[in-house]
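These are the residues of each chain, in order.
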Amino acid sequence: MATDTTYIWSGQDRNGRQSKGEIIAASTAIAKAQLRKQGVIAKTVKKKPKPLFGGNKAIKPADVAVFTRQMATMMKAGVPLVQSFDIVAEGLDNEAMRELVLNVKSEVAAGGGLAAALSKHPKHFDELFCSLVGAGEDSGTLEIMLDRVATYKEKTEALKAKIKKAMTYPIAVIVVAIIVTGILLVKVVPTFAETFKGFGSDLPGFTLFVLGISEFMQQWWFIFLLGIIATGWSYSQALQRSPEFADRVDALALKLPIVGGIVHDSVIARFSRTLSTTFAAGVPLVDALNSTAGASGNAIYRNAIGQIRDDVTTGTSLYQAIRSTGLFPTLLLQMVSIGEESGSLDDMLSKVADQYEAAVDNAVDSLSSLMEPMIMSILGVLIGGLMIAMYLPIFMLGSVI
């Protein structure tokens, strides 16, 4: 199967004006055929040269969220769909994202539907995304649906970014502290050890302990480093290849102090936001629950949502199905009950999502404030402890003199 390639073309459009651009196709002949379908008479079509240094940046979910918002804005402004792709692609800095947008545009321009074109790129546009866009196409409300999808993506990515930002700082500081400690043990402490040999007296127990760790690190630091790398690699592989291990990690995450509460609230927020968006789009409840289960982000709740879907399929109300799992909070249950009775389930779920997203924001801010003194304490114990151990014999020698 031929690999799609980006081509640069120049020629005349159907109005006879000189134009140029990029198109993604499997071959030059197919690229020319696609351009003819778009009313372009191509004079030159050649492969786009690759950059000499570096490659394309990876496409992140945030890039997809920005693309969706821009497409929604263009559609609301009355810009034709194919032209919207061109305008959005020109403003993208990420080359890989630009190629993806142009690829989707080529498939749509050739006569395919937008949802069908997006579904060919499942790595970036999941089943939920494509089903919502498909619902918009079927109902003739694509611009409204793109706006809803954009809002959904923006809120979910903002929630993820908030949590990642809170965890990045402490992890970075701890990693730097470990590296600095390792350098001190391998390079600095041995220098003090040579000095201590000429003292002719017994060294303090704390100093001997640190010197022992230093000797161990000098001999086995490479094995120690390989062990850390192997552990990290094994953990990531186990998450990917063992569903049981991944399920246990998800269950453990919910039981951790402080962090468990944040994970729980973020899952409830994601569940409410996803179900609200899909239900408002006119997606049948059973199908909406299928999409929501995949977007839950936690195996315990994914299985619970699967149970809810099965109960709803047999005729049980959504409120009773959710309540039977025993995993969802009272606020969600009450809002679902009100939503079912009043016919405003999507609005009630949206309010629950807002509530729990705000709760996650507050919890993450509190966690960040709590971790700062803890991190300083860790740094003080590691770095300060080493310094005290090295200078303690010198202080003792000074007191003897």
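Please read these numbers as outputs of a predicted model, since none were measured by experiment.

## Things to note about the overall build of the protein
Okay, step 1: Looking only at helices and strands, the protein has 15 helices and 3 strands in total.
Okay, step 2: For 401 residues, the compact-globule estimate of 2.2 N^0.38 gives 21 Å, and the C-alpha radius of gyration of the protein, at 29 Å, exceeds that figure by more than 25%.
Okay, step 3: Overall, the protein is about 95 × 60 × 35 Å in size when its C-alpha atoms are taken along their principal axes.
Okay, step 4: A buried classification covers 38% of the 401 residues belonging to the protein.
Okay, step 5: Taking contacts inside the protein between residues at least 6 apart in sequence as the whole, the part at least 24 apart equals 59%.
Okay, step 6: Summing over all exposed atoms, the protein offers an accessible surface of approximately 22,200 Å²; the carbon and sulfur share of this is 61%.

## Considerations on the packing of aromatic side chains
Okay, step 1: Under the criterion given, the structure shown has 6 aromatic pairs.
Okay, step 2: Where Phe67 meets Phe85, the ring centres are 6.3 Å apart and the plane angle is 25 degrees; that geometry is what we call stacked. You can see Phe67 sitting in helix 2 (residues 61-76) and its partner Phe85 sitting in helix 3 (residues 81-90), a full 18 residues away along the chain.
Okay, step 3: Pairwise contacts between aromatic rings join Phe67, Phe85, Phe125 and Phe129 into one cluster.

## Observations regarding the environment of Ala359
Okay, step 1: Along the polypeptide, Ala359 turns up in helix 15 (residues 345-400).
Okay, step 2: The spatial distance from the C-alpha of Ala359 to the C-alpha of Leu254 is 16 Å, given a sequence separation of 105 residues.

## Considering the pattern of salt bridges
Okay, step 1: Applying the stated criterion across every chain yields a total of 9 salt bridges.
Okay, step 2: Glu154 is paired through a salt bridge with Arg69; the nearest N and O atoms lie 2.8 Å apart. Remark: Arg69 occurs in helix 2 and Glu154 occurs in helix 7 (residues 142-196); sequence separation between them is 85 residues.
Okay, step 3: The class of Glu154 is partly exposed, set by a relative accessible area of 32%.
Okay, step 4: Judged by relative accessible area, Arg69 falls into the partly exposed class, the value being 23%.
Okay, step 5: Across the pair Asp147 and Lys76 runs a salt bridge, and its minimum N-O distance is 3.5 Å. Within this pair, whereas Asp147 is found in helix 7, its partner Lys76 is found in helix 2, the two being separated by 71 residues in sequence.
Okay, step 6: Given the relative accessible area of 54%, Lys76 is considered exposed.
Okay, step 7: What emerges from the salt-bridge pattern is a single network uniting Arg69, Lys76, Asp147 and Glu154.

## Remarks on the environment of Tyr235
Okay, step 1: Along the chain, Tyr235 turns up in helix 8 (residues 205-241).
Okay, step 2: When residues no more than four places from it in sequence are discounted, the contact partners of Tyr235 are Phe245 and Val249.

## Details of the layout of surface pockets
Okay, step 1: In this structure, the largest pocket spans a volume of roughly 1,000 Å³.
Okay, step 2: In terms of lining residues, the largest pocket is bounded by 41 residues, among which Lys160, Arg270, Ala295, Gly297 and Asn298 are the most central.
Okay, step 3: For the lining of the largest pocket, the secondary structure elements donating two or more residues are helix 2, helix 6 (127-139), helix 7, helix 9 (243-255), helix 10 (259-280), helix 11 (285-294) and helix 15.
Okay, step 4: Residues that form the lining of the largest pocket fall into these classes: 23 nonpolar, 8 polar and 10 charged.
Okay, step 5: Every residue lining the second largest pocket is counted, 22 residues in all, and those nearest its centre are Trp9, Lys20, Gln38, Asp86 and Lys105.
Okay, step 6: Among the elements of the structure, strand 2 (18-25), helix 3 and helix 4 (95-109) are those that each provide at least two residues to the lining of the second largest pocket.
Okay, step 7: Looking at the lining of the second largest pocket, its residues break down into 8 nonpolar, 5 polar and 9 charged.

Parameters and conventions
- In every chain, residue numbers begin from 1 and rise along the written sequence.
- Two thresholds apply to this predicted model, a pLDDT of at least 70 for residue-level local features and 80 or more for giving and counting side-chain atom pairs, whereas whole-chain, interface and lining totals are computed over all residues.
- For side-chain calculations, the full set of non-hydrogen atoms in the structure is used, while hydrogens and water are omitted.
- The numbering of helices and of strands both runs from the N terminus, where a helix is a DSSP run of H or I of at least 4 residues and a strand a run of E of at least 2.
- Our radius of gyration looks at C-alpha atoms and nothing else; its globule reference is 2.2 Å times the residue count to the power 0.38.
- Three labels apply to residues, based on accessible area from a 1.4 Å probe with only protein chains included: buried if under 20% of the type maximum, exposed if over 50%, partly exposed otherwise in between.
- Two residues qualify as a contact provided that any one of their heavy atoms is within 4.5 Å of a heavy atom in the partner residue.
- To be clear on the numbers: accessible area is Shrake-Rupley with a 1.4 Å probe, and residue cover counts the displayed protein chains and nothing else.
- Aromatic pairs are defined between Phe, Tyr and Trp rings, using the six-membered ring for Trp, whenever the two ring centres lie within 6.5 Å; interplanar angles under 30 degrees are classed as stacked, those over 60 as edge-to-face, and all others as tilted.
- Put simply, a salt bridge is a Lys or Arg side-chain nitrogen that is within 4 Å of an Asp or Glu carboxyl oxygen.
- The rule is simple: put a 1 Å grid over the protein atoms alone, call a set of points where a 1.4 Å probe fits but cannot get out a cavity, call an open set with protein on both sides within 12 Å along at least five of seven lines a pocket, and count a residue as lining if it has an atom within 4 Å of a point.
- Grid points are joined across faces, edges and corners, and a volume is the space filled by probe spheres set on the points.
- When residues are grouped by polarity, Ala, Val, Leu, Ile, Met, Phe, Trp, Tyr, Cys and Pro land in nonpolar, Asp, Glu, Lys and Arg in charged, and all others, Gly among them, in polar.

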